[in-house]
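# Structural overview
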Amino acid sequence: MDSKVALITGGSRGIGLEIAKVFAQCGADVVIFSRKEESLKRACDVIKESAPNVNVSYQVGNAGDPDLPFEVVESVVSEFAKIDILVNNAATNPHFGPTLSITPEQMDKILKVNVAGVMRWTQAAWEHCWKDNIHKGSVVNIASIGGISVGGGIGFYNVSKAAVIHLTKQLASEMGPMVRVNAISPGLVKTDMARTLWENYGDQLAEKLPARRIGETSDIAKAAVFLASSMSEWVTGTNLVVDGGSLLV
Ligand SMILES: NC(=O)c1ccc[n+]([C@@H]2O[C@H](COP(=O)([O-])OP(=O)(O)OC[C@H]3O[C@@H](n4cnc5c(N)ncnc54)[C@H](OP(=O)(O)O)[C@@H]3O)[C@@H](O)[C@H]2O)c1
């Protein structure tokens, strides 16, 4: 990934931070984006420590803001001259419980960040970098196995992830041949977002899984390296499930 430029939304912690760290260790310059500047600064230090020879920077904002992606992408392109890799990783889930109990505000937030956000960041990268067919691009959307299965508690979030998987295929069909678009669907991974799930049910679930453990952020980062790099140059429109076999049990 030497001399590649990667923009990662939700890159200040969890899966996004690990992806940024591994991309940087593989030689890419990385720009991370999330809402909290303090976390972003800390994340940049962590990335720089593990990959001192690449450029690491951050931009602050809400991934669900419809106009901000265009400003951020424009400034990244003016600083680095291009974007090779866009990882749409930021997502939110303000509702837990029976799907029928979700409010309009909660649905709105989920759709704005998780679905429209993916669309706007991709449109921005297309507009400011890829539409002239000069630079190759790779978009990696972080979906979820919830997008291809039915389960309790986070039903509408799962609907948003099903939309991300479909959007991935749709955009892949429209953005080739210079831009590839793929998704990763993680199973349960030890991060803040899924803390309630893995703290309460992690051991139980791990016992049942063919892999006998729940996911680490590095499991997802390795898949992201594959999909973002030329190792997967004939792969587009796919949804790579990385779940330790969760869908089998
Ligand atoms: N963990 C799992 O088990 C699991 C399973 C399947 C899929 N996923 C997916 O994996 C991705 C990463 O999740 P994670 O588990 O790593 O979550 P996490 O640890 O909670 O990290 C979320 C990241 O996104 C940022 N973020 C959240 N809302 C944002 C917003 N509206 N605008 C900008 N940045 C925002 C957070 O930073 P700030 O708070 O500073 O904004 C943080 O950097 C998500 O797409 C999630 O749906 C996770």
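To be clear, the structure that these remarks concern was listed above.
Report follows, based on the coordinates.

How each quantity is defined
- Residues numbered from 1 in each chain as written.
- Predicted model: local features only at pLDDT ≥ 70, side-chain atom pairs only at ≥ 80, totals over all residues.
- Heavy atoms only, no water.
- Salt bridge = Lys/Arg side-chain N within 4 Å of Asp/Glu carboxyl O.
- Helix = DSSP H or I, 4+ residues; strand = E, 2+ residues; numbered from the N terminus.
- Pairing = 2+ DSSP bridges.
- Axes fitted to C-alpha atoms, helices over the stretch in contact; angles between N-to-C directions.
- Contact = heavy atoms within 4.5 Å.
- 1 Å grid on protein atoms, 1.4 Å probe; cavity = no way out; pocket = protein on both sides within 12 Å on 5 of 7 lines; lining within 4 Å.
- Points joined across faces, edges and corners; volume = space filled by probe spheres on them.
- Nonpolar A, V, L, I, M, F, W, Y, C, P; charged D, E, K, R; others polar.
- Buried < 20%, exposed > 50% of the residue type's maximum accessible area, 1.4 Å probe, protein only.
- Polar contact = N/O pair within 3.5 Å; in protein donor to acceptor, adjacent residues only side chain to side chain.
- Near = heavy atom within 4 Å.
- Areas by Shrake-Rupley, 256 points an atom, 1.4 Å probe, with all protein chains shown as cover.

This part takes up the pattern of salt bridges. Inspection of the entire model under this criterion finds 10 salt bridges. Note that Lys-41 and Glu-38 form a salt bridge whose closest N and O atoms lie 3.8 Å from each other. Linking Lys-41 with Glu-38, this pair stays in helix H2 (residues 37-50), spanning three residues, or about one helical turn. Lys-82 is the partner of Asp-84 in a salt bridge, and the nearest nitrogen-oxygen pair spans 3.0 Å.

For the rest of this paragraph, the subject is the sheet that holds strand E6 (residues 179-186). Strands sit in the order E3-E2-E1-E4-E5-E6-E7 across an open sheet of seven strands; the sheet is parallel. Among the strands making up the open sheet, the edge pair consists of strand E3 (56-60) and strand E7 (239-242). Geometrically, the sheet is characterised by an average inter-axis angle of 20° between neighbouring strands, direction not taken into account. The sheet strands contacting helix H5 (residues 155-175) are strand E5 (137-142), E6 and E7, and the helix crosses E6 at an angle near 160°. Across the face of the sheet, helix H7 (residues 217-228) comes into contact with strand E4 (85-88), E5, E6 and E7 while running at roughly 165° to E6.

This paragraph deals with the layout of surface pockets. Space inside the second largest pocket adds up to approximately 390 Å³. In this structure, the second largest pocket is lined by 19 residues; those nearest its centre are Lys-136, Gly-137, Arg-180, Ser-230 and Glu-233. Listing elements by their share of the lining of the second largest pocket, those giving two or more residues are E5 and E6. Looking at the lining of the second largest pocket residue by residue, the class counts come to eight nonpolar, six polar and five charged.

Here we take up empty space enclosed by the protein. By rolling a water-sized probe across the atoms, one finds the places where empty space is left. Across all of its chains, the model carries one cavity of 30 Å³ or more by this definition. Counted as a void, the largest cavity has a volume near 40 Å³. Surrounding the largest cavity, Thr-9, Ala-63, Asn-88, Ala-90, Val-113, Gly-117, Val-118 and Trp-121 form its lining. Per-element tally for the lining of the largest cavity: the top contributor is helix H4 (residues 104-130), with four residues. For the lining of the largest cavity, the per-class residue count stands at five nonpolar, three polar and no charged.

Along the chain, the position of Arg-180 falls in strand E6. A relative accessible area of 11% means that Arg-180 is categorised as buried. For the pair Arg-180 and Gly-237, spaced 57 residues apart in sequence, the C-alpha separation works out to 7.3 Å. When near neighbours in sequence (up to four residues on either side) are disregarded, Arg-180 contacts Gly-137, Ser-138, Val-139, Leu-227, Ala-228, Ser-229, Ser-232, Glu-233, Val-235 and Thr-236. In this structure the side chain of Arg-180 is engaged in a polar contact, spanning 2.8 Å, whose partner is the backbone oxygen of Ser-232.

Attention now goes to unusual backbone geometry. When glycine is set aside, most residues are seen to have a negative phi, and most peptide bonds are trans. Of the consecutive residues Gly-176 and Pro-177, the connecting peptide bond is found in the cis state with omega at 0°. Tracing the sequence through the fold places Pro-177 in the loop between H5 and E6. Positioned with a positive phi, Ser-3 is a non-glycine residue whose angle comes to about 65°. Looking at the secondary structure, you find Ser-3 in the segment before strand E1 (5-9).

So, about the site of the ligand. The environment of the ligand is made up of 30 residues, and the closest members are Ser-12, Arg-35, Asn-89, Tyr-157 and Thr-191. Contact between the ligand and Ser-12: an oxygen atom at 2.7 Å from a side-chain N or O atom of the residue. One of the backbone N or O atoms of Met-193 is found 3.4 Å from an oxygen atom in the ligand. The fraction of the free accessible surface of the ligand (880 Å²) that becomes covered by protein chains is 96%. Among the secondary structure elements, those contributing two or more residues to the shell around the ligand are helix H1 (14-25), strand E2 (29-34) and H5. Its residues assigned to classes, the shell around the ligand shows 14 nonpolar, 11 polar and five charged.

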